[in-house]
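# Structural description and commentary
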Amino acid sequence: MAKKNLGDIEDNNKNLGGVSALFNSPSKENNPKEEKQVVQPDEEIVTYPLRLKKSSLKALKILGAQRGITVKELILSVVEKEYEV
């Protein structure tokens, strides 16, 4: 559920100190951690669902953890190698 902007709820009420931090969404200019991904204009990204057996997914998660990469990166690297994409 999205956070609702309640304005200055703390004004004129000493018992609600710090409540606005819980309910007001953070300012986008003040959030340096958030970096926008730059999509190249010639490359469009499309999502595609992939169905795997639970045992296969578990094995991929273990392999990915050993190599320090995500399951998604692991699958993409294998597809790129196999089909020379």
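What counts as what
- Residues numbered from 1 in each chain as written.
- Predicted model: local features only at pLDDT ≥ 70, side-chain atom pairs only at ≥ 80, totals over all residues.
- Heavy atoms only, no water.
- Helix = DSSP H or I, 4+ residues; strand = E, 2+ residues; numbered from the N terminus.
- Buried < 20%, exposed > 50% of the residue type's maximum accessible area, 1.4 Å probe, protein only.
- Contact = heavy atoms within 4.5 Å.
- Expected span 1.5 Å × (residues − 1).
- pLDDT = per-residue confidence, 0-100.
- Axes fitted to C-alpha atoms, helices over the stretch in contact; angles between N-to-C directions.
- Parallel < 35°, antiparallel > 145°, perpendicular 65-115°, else oblique.

This next bit is on the overall build of the protein. Broken down by element type, the protein carries three helices and zero strands. Listing the helices and strands of the protein from first to last along the sequence gives α-α-α. Buried residues in the protein amount to 7% of all 85 residues. Taking contacts inside the protein between residues at least 6 apart in sequence as the whole, the part at least 24 apart equals 3%.

Attention shifts here to helix α2 (residues 54-67). An ideal rise of 1.5 Å per residue puts 20 Å on 14 residues; α2 measures up with 20 Å between its terminal C-alpha atoms. Counting buried residues in α2 gives one out of 14 residues, a small share hidden from the surface. Positioned one or two residues after α2, Gly-68 has a phi angle of 80 degrees, which is positive.

Take unusual backbone geometry next. For Glu-84, which is not glycine, the phi torsion reads 50 degrees and is therefore positive. Along the polypeptide, Glu-84 turns up in the segment after α3 (71-83). Judged by relative accessible area, which is 72%, Glu-84 ranks as exposed.

In this section: the confidence of the model for the protein. Of all residues in the protein, 52% attain a pLDDT of 70 or more, and the chain-wide mean is 76. Averaged over each element, pLDDT in the protein is lowest for helix α1 (residues 19-23) (61) and highest for α2 (94).

Our next topic: the packing of α2 against α3. Across the interface, α2 lies against α3 with an axial gap of 9 Å and an inter-helix angle of 95 degrees. In terms of their interaxial angle, α2 and α3 are classed as roughly perpendicular. Judged by residue contacts, Leu-57, Leu-60, Lys-61, Leu-63, Gly-64 and Arg-67 of α2 engage Val-71, Leu-74 and Ile-75 from α3.

With 13 residues, α3 should cover 18 Å at 1.5 Å per step; its first-to-last C-alpha distance of 18 Å lies within 8% of that length. Directly beyond the C-terminal end of α3, a positive phi value near 50 degrees is found at Glu-84.

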